[in-house]
Amino acid sequence: MGDNVVNSVQNIDLNKQEKAAKMKGGKEKKPAEKSSVSEMKPWPAYIQERLTLWDKLKVQYTEELAAKPKTDIKVSLPDGKVVDGVAWQTTAYDIAKGISQGLADNAVISKVNGVLWDLDRPLEADCKLELLKFNDSEAQQVFWHSSAHILGEAMERVYGGCLCYGPPIDSGFYYDMFLEGSGISNLDFPYVETLIKGIVKEKQPFERLEMKKEDLLEMFKYNPFKVRILNEKVNTPTTTVYRCGPLIDLCRGPHVRHTGKVKALKITKNSSTYWEGKADAETLQRIYGISFPDSKQLKEWEKFQEEAAKRDHRKIGREQELFFFHELSPGSCFFQPRGAHIYNTLMNFIKKEYRKRGFQEVVTPNIYNAKLWQTSGHWAHYADNMFSFEIEKDTFALKPMNCPGHCLMFDNRIRSWRELPLRLADFGVLHRNELSGALSGLTRVRRFQQDDAHIFCAVEQIKDEMYAALDFLRSVYNVFGFTFQLVLSTRPEKYLGDLNMWDQAERALAASLDDFGEPWKLNPGDGAFYGPKIDITIMDALRRSHQCATIQLDFQLPIRFNLSFVSESGEKKRPVIIHRAILGSVERMIAILTESYAGKWPFWLSPRQAMVIPVGPAFDEYANEVQHRLYDAGFMCEVDTDAGDTMNKKVRNAQLAQFNFILVVGEKERTNQTVNVRTRDNIVHGEIAVNTLIEKFNTLRDNYTLSSEEQF
């Protein structure tokens, strides 16, 4: 009986709702939109054509492999242990399995003599072997690259277009595809993800095959983009492809053993882009994804993304009225008064350090004749990224970097060895012509400033200057609460300059890193063509990595500008330039700090340091007096005398607005010339004299105290 009554009541409610909807001319809700995509049946013809050629060439490869001499080899492990193997037969996976099945299962990729190597690829000679798990950054890149291939297979089977590039990125991967007259919708994601689950379940092996260029051109003749890559970028008679299932792709590799290693994969977004980022080229469809070897890691990543969305600097920038962008000046930020306070405080912080560390600040032009950039070599490689224009039949451009201007400054007169090292610092405004589609908040802009400096020094001064630069960045990042990682990138295959100078410089950089005392890694062959460098990656509060600082040696600019100084012996010598930035782009650093602090700015940097709140209108005058005294002492202090809110509401509003300190005043405080102090986290510090408060505030600001509210 009870159930009947409930059902009757529910029916009455439903009937009423239906009648009400009809009376209002309302429409019933449409069911959620669904994607119309499905797997192509049959698959595109090019898939089978690729497989036919693959099968033929794979037989040849297998025969060649079987004919290789199977000699005994020694495989050295990181712990010093040496394992026996057989050339062209034993694999890294075999070695791992011989140690433990768990190690073999958890290894993502191997390194043979420092080179990434497929776990199932036979070892060829005596070697040093490392096994990398997913927690290694290089292993993550391999894992995400393999995941891109899985995504590419699904895209071919669903859309049938031409795959282009599918690389790993900082956090995940993407694949680009050219589709004739159609696009990709986020409504397609569930279907594509379901197909991917099937691909993973099949544990399709990743197989490597080296092919001749003419065979590759035949294999990929259906895809004009792969043909372009082969013709324009492959300069060797052979290169490699990788297969998983029906997908065969032009690829250097290496990859995970099979698709089953990717236990969790999520498509995150899609967008359109241009072939190789060129606005006049074909439009491509891009799908982004993220993947992990464990479903728990994906769930953790999703939670992390939720937290990151709350901290998005664009969101906090709007809410705290720090900055905004406008369509009439895309890629150039409008910093409002509070945002400008943060901007200027950061620059003043660095300028204060400059005085202590022997840097001299200079001001240089914004516009230069293109001849400058031709001399520096930037025009040949960077002209498309510069804003250029014609003045009196000559081509000029806004500067995208400061180094060529500093070379002119150094060359303005004869320089003596006594002046070196000459440390020139410049906060000049820079402009780079980023594509509109690449612009992203403060992290990718067209107009920005850097804490840019160039150190002109003698070769024998490199070690000390590098150490000083490292010490500088450590002191700055400690103030921000950042940890950091250091990597020394050495001479690439294609380099310019004297080999002995390269070797001497690399030894100096390694010695400065050793003396510095922080852990560092070597990244052989990843230096710039004009000099070795130290890459610095900072970690924020969410454990995300960002590369901001630059410490880069440059042998080439002094040659291109024919720079020299008179040595102690009276002969002319060539200086070396060290490019050095710590904040990097001030705009980008503000984005990173905003998200790392989640808008809860430390006192020294905060645009809302204190809010004065009277307990009632009778004390408005004293509240204003306190605000003026604090403001005149140099602090970002405001007062809330809005009679429409209660005192408690004002306190709460100030806490939500992230004022570091809330100063409540009433009769007792007015009489004693004091304030009652509490923090945004509701820590109550009690009554304190205004003069004493100013002294405390000065100490907190001058010491760059991170947890000022607790250490008050």
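On a predicted model such as this, the values are computed, not experimentally measured, just so you know.

Trainee: Can you help me understand the packing of aromatic side chains in this one?
Mentor: Two descriptors summarise a pair of aromatic rings, namely the distance from one centre to the other and the angle between the planes of the rings. By the definition in use, this model includes 37 aromatic pairs. Each ring, one from Phe603 and one from Phe635, has its centre 5.9 Å from the other, and the planes form 40 degrees; the classification is tilted. Taken together, the positions of Phe603 in the loop between α18 (586-597) and β32 (610-614) and Phe635 in the loop between α19 (620-632) and β33 (637-639) put the pair 32 residues apart, joining distant regions of the chain. Phe635 shares its class with Phe603; the two are buried. Above the ring of Trp88, the side-chain terminus of Lys68 is found at 4.5 Å from the ring centroid. Against the face of Trp117 rests Arg121, its NZ or CZ located 3.6 Å from the ring centre.

Trainee: Can you help me understand the pattern of salt bridges in this one?
Mentor: Pairing between side chains of opposite charge can happen when the charged atoms of each approach one another. Enumeration over the complete set of coordinates arrives at 43 salt bridges. Asp55 is the salt-bridge partner of Arg243, the closest N and O atoms lying 3.7 Å from each other. Residue Arg243 is located in strand β10 (residues 238-244), and its partner Asp55 is located in helix α2 (residues 45-67); the two are separated by 188 residues in the primary sequence. Residue Arg243 is classed as buried on the basis of its relative accessible area of 18%. By relative accessible area, which is 41% here, Asp55 ends up partly exposed. Taking the shortest distance from any N to any O, the salt bridge between Lys111 and Glu138 comes out at 2.7 Å. Pair noted here: Lys111 is in strand β3 (residues 109-112) and Glu138 is in helix α5 (residues 137-159), with a separation of 27 residues, a long-range link. We classify Lys111 as buried; its relative accessible area is 14%. Among the charged side chains, a network of salt bridges with common partners joins Glu353, Lys356, Arg357, Asp471, Arg474 and Glu518.

Trainee: Just to check I follow, could you spell out the packing of helix α15 (residues 462-480) against helix α16 (residues 499-516) for this structure?
Mentor: Helix-helix packing is described using two parameters, namely the angle between the two axes and the distance between the axes. It is at 8 Å that the axes of α15 and α16 come closest, and there the two elements cross at 40 degrees. One way to sum up the angle between α15 and α16 is to call them oblique. You can see that α15 and α16 cross each other, and the crossing is right-handed. Touching Ile462, Lys463, Met466, Tyr467, Leu470, Asp471 and Arg474 of α15 are Ala505, Ala508, Leu509, Ala511, Ser512, Leu513, Asp515 and Phe516, all from α16.

Trainee: Can you help me understand the environment of Arg507 in this one?
Mentor: Residue placement: Arg507 occurs in helix α16. Under the relative-accessibility criterion, Arg507 is labelled exposed at 53%. Sequence separation between Arg507 and Ser489 is 18 residues; the distance between their C-alpha atoms is 12 Å.

Trainee: I tried to follow the environment of Leu298 on my own but got confused; where do I start?
Mentor: Within the secondary structure layout, Leu298 lies in helix α9 (residues 295-310). If near-sequence neighbours (up to four positions away) are discounted, Leu298 is found in contact with Ala264, Leu265, Lys266, Ile290 and Phe292.

Trainee: I keep staring at α15 and nothing clicks. Help me out?
Mentor: For an α-helix, the turn length of 3.6 residues means that residues three or four places apart are oriented alike. Here α15 contains 19 residues, and its C-alpha end-to-end distance of 27 Å stays within 8% of the 27 Å for a straight helix at 1.5 Å per residue. Residues of α15 that are buried: Ile462, Glu465, Met466, Ala469, Leu470, Phe472, Leu473, Arg474, Val476, Tyr477, Val479 and Phe480. Once α15 ends, the next one or two residues include Gly481, with phi positive near 85 degrees.

Trainee: Where do I start with the nonpolar core in this structure?
Mentor: Across soluble globular proteins, nonpolar side chains show a tendency to be buried alongside one another. Counting 62 residues, the largest nonpolar core has Leu346, Ile462, Tyr477, Phe480 and Ile534 as the members making the most contacts within it. Beyond its immediate sequence surroundings of up to four residues, Ile534 is in contact with Met466, Leu470, Leu486, Val487, Leu488, Leu509, Leu513 and Ile551. Of all hydrophobic cores here, the second largest spans 40 residues; its members include Phe143, Leu163, Phe206 and Ile267.

Trainee: Sorry if this is basic, but what is going on with the pairing of strand β24 (residues 452-457) here?
Mentor: Strand residues, when the strand is regular, have side chains that alternate between the two faces of the sheet. Summarising burial for β24: 6 of the 6 residues are buried, a large majority. Burial along β24 is two-sided: the face carrying Asp452, His454 and Phe456 and the face carrying Ala453, Ile455 and Cys457 are both buried. Both strand β21 (residues 422-426) and β24 contribute to a ladder of 5 bridges, which runs antiparallel. Residue pairing for β24: Leu424 is matched across the bridge by His454. As paired strands, β24 and strand β31 (residues 576-581) are joined by 5 bridges and run antiparallel to one another. Paired with Cys457 across the two strands is Val576, which belongs to β31.

Trainee: Looking at this structure, I do not really get the pairing of strand β2 (residues 82-86). What am I missing?
Mentor: By the bridge criterion, 5 bridges tie strand β1 (residues 72-76) to β2 in an arrangement that is antiparallel. The residue of β2 that forms the bridge with Ile73 is Gly85. The loop that links β1 with its antiparallel partner β2 comprises 5 residues; one of these, Gly80, has a positive phi angle of about 95 degrees.

Trainee: Help me understand the sheet that holds β24, please; the structure alone is not making it clear to me.
Mentor: As a general point, the strands of a sheet are linked pairwise by backbone hydrogen bonds and lie either parallel or antiparallel. Spatially, the 8 strands line up as an open sheet ordered β16-β21-β24-β31-β28-β27-β25-β26, and their pairing is mixed. Edge strands, defined here as strands with exactly one partner in the open sheet, are β16 (360-361) and β26 (520-523). Summarising the sheet, β16 and β21 pair through 2 bridges and their orientation is parallel. The partner of Gln360 across the bridge, within β21, is Leu424. The strands touched by helix α14 (residues 403-410) are β21, β24 and β31; relative to β24, the strand with the most contacts, the crossing angle is about 40 degrees. Sitting on the sheet, α16 touches β25 (483-489), β26, β27 (533-539) and β28 (545-554), and the angle it makes with β25 is about 155 degrees.

Cut-offs and rules
- Throughout, residues of each chain are indexed from 1 in the direction in which the sequence is written.
- Predicted model: local features are reported for residues with pLDDT of at least 70 only, side-chain atom pairs are reported and counted for 80 or more only, and whole-chain, interface and lining totals are derived from all residues.
- Side-chain calculation: all heavy atoms of the structure are included, whereas hydrogens and water are not.
- Two rings from Phe, Tyr or Trp (for Trp, the six-membered ring) form a pair when their centres sit within 6.5 Å of each other. Planes less than 30 degrees apart are called stacked, planes more than 60 degrees apart edge-to-face, and all others tilted.
- A helix here means a DSSP run of H or I that spans at least four residues, while a strand means a run of E at least two residues long, and both kinds are numbered starting from the N terminus.
- Relative accessibility decides the category of a residue: with a 1.4 Å probe and only protein chains considered, values under 20% of the type maximum give buried, values over 50% give exposed, and everything between is partly exposed.
- Whether a charge sits over a ring depends on NZ of Lys or CZ of Arg being within 6 Å of the ring centre and within 35 degrees of the ring normal.
- Each reported salt bridge corresponds to a side-chain nitrogen of Lys or Arg within 4 Å of a carboxyl oxygen of Asp or Glu.
- With axes taken as lines fitted to C-alpha atoms, and helix axes fitted only over the stretch in contact, angles between N-to-C directions fall between 0 and 180 degrees.
- For this classification, under 35 degrees means roughly parallel, over 145 means roughly antiparallel, 65 to 115 means roughly perpendicular, and everything else is oblique.
- Crossing handedness is defined as follows: a turn of the near helix away from the far one that is anticlockwise and smaller than a right angle gives a left-handed crossing, while the clockwise case is right-handed.
- The contact criterion used throughout is that any non-hydrogen atoms of two residues lie within 4.5 Å.
- A helix is expected to reach a length of 1.5 Å times the quantity of its residues less one.
- In plain words, nonpolar cores are sets of buried Ala, Val, Leu, Ile, Met, Phe, Trp, Tyr and Cys residues tied together by side-chain atoms within 4.5 Å.
- At least two bridges found by DSSP between two strands are what make those strands a pair.

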